[in-house]
Each structure stands twice: as structure tokens, then as C-alpha cells.
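# Remarks on the overall topology
Next come the chains, spelled out residue by residue.
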Amino acid sequence: EAEVRQQLDRLMLYRDGQRQTEVSRERQAERCAEAWRQQTEGLAEEWARQRHAAEEARASVLARLAAALRAQSAEAAQLEALREALHNEERLAQERLREEADLRRQLAMRSGQAAACR
């Protein structure tokens, strides 16, 4: 009976050792899982920050492009207005030259008529 008792005690010690090993493995697995979870969350947060920064940079670039396009459009409209003004000035200058030529002809004709009347 003492031998059976010793074997039973050894079996109990063996099972306790196995249970402790199993508990230790489970704790180690839980620590590993927690470390992976924290690392994954950290990566997800970093990616979210990077994505947010990229979106802000993209929005900033788009805003600058839109402003540049508006400015370019305004400059183009201003250039077109200046072209039209120049064209009008050229047309008015041509009209003035024609009027001046007409006035010279009329003056020459009147001078001729005045000379004939004398």
C-alpha cells in the first residue's frame, strides 16, 4: 500500500507539473496574443495617421491647383479683355485716320472753293 501511495503521489506530482506547464503555456500564448494585438493596433493607428496626412496633403494640392486654375482663368479672361480693348483702340485709330483724311479732303476742297471765289 505504501508503494501504491508513492506511485499515486508521483502521479499527482506529474499531473500537477503537467497542469502548471499547460497553465504556463496558456499564459505565454495570452501574452503573445496581447503583444500581437497591441502591435496590430499600433500599425493600424500609424496607417490611419499616414492615410489622414496623405488625404490632407492631397486636399491641399487640389486646393492649390484649383486656385491656380481660377487665377489662370482670370488671367485668360483679363488677357482676352485686353485683346478686345486693343482691337477696339486699333479700330478707333483707323476711324480717326479716315476722319482726318476726310477732314483734309474737305479742307482742301473748301480751300479750293475759297480760292475760286476770290
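Now for a description of the structure that goes with this document. (Residues numbered from 1 in each chain as written. Predicted model: local features only at pLDDT ≥ 70, side-chain atom pairs only at ≥ 80, totals over all residues. Heavy atoms only, no water.)

### Quick look at the overall build of the chain
What the chain contains, in helices and strands, is one helix and zero strands. Taken over the C-alpha trace, the chain has a radius of gyration of 50 Å; the compact-globule value for 118 residues is 13 Å, which it surpasses by more than 25%. For the chain, the spread of C-alpha atoms along the principal axes amounts to about 170 × 10 × 5 Å. With the model as given, the accessible surface of the chain reaches about 11,000 Å², and the carbon-plus-sulfur share is 56%. Across the chain, the centroid of the 21 positively charged side chains sits 7 Å from that of the 22 negatively charged ones. (Helix = DSSP H or I, 4+ residues; strand = E, 2+ residues; numbered from the N terminus. Rg over C-alpha atoms; globule rule 2.2 N^0.38 Å. Areas by Shrake-Rupley, 256 points an atom, 1.4 Å probe, with all protein chains shown as cover. Lys, Arg positive; Asp, Glu negative; His and termini not counted. Charge placed at Lys NZ, Arg CZ, Asp CG, Glu CD.)

### Quick notes on the pattern of salt bridges
Summed over the entire model, instances satisfying the criterion amount to nine salt bridges. Note that Arg19 and Asp16 form a salt bridge whose closest N and O atoms lie 3.2 Å from each other. Within this pair, Arg19 and its partner Asp16 are both found in helix 1 (residues 2-117), separated by three residues, close to a single helical turn. In this structure Asp16 comes out as partly exposed when scored by relative accessible area, which is 32%. Across the salt bridge formed by Arg91 and Glu95, the nearest N and O atoms sit 3.0 Å from each other. On the criterion of helical spacing, the pair formed by Arg91 and Glu95 is a turn pair, its members being four residues apart in helix 1. Taking relative accessible area as the criterion, Glu95 reaches 27% and is therefore assigned partly exposed. Here the residues in one salt-bridge network are Glu34, Arg37 and Glu41, joined through shared partners. (Salt bridge = Lys/Arg side-chain N within 4 Å of Asp/Glu carboxyl O. Buried < 20%, exposed > 50% of the residue type's maximum accessible area, 1.4 Å probe, protein only.)

### Side note on the environment of Ala57
As for its placement among the helices and strands, Ala57 is situated in helix 1. A residue is classified by how much of its surface remains accessible, and Ala57, at 43% relative accessible area, is partly exposed. A C-alpha to C-alpha distance of 34 Å links Ala57 and Glu34, two positions 23 residues apart in sequence.

### What about a nonpolar patch on the surface?
Nonpolar side chains collect at one region of the surface, where Leu8, Leu11, Met12 and Tyr14 lie side by side and expose about 400 Å² of accessible area between them. Tracing the chain through its elements places Leu11 in helix 1. A relative accessible area of 36% places Leu11 in the partly exposed class. (Patch = residues over 30% accessible without salt bridge, like charges linked within 9 Å, V, L, I, M, F, W, Y side chains within 5 Å.)

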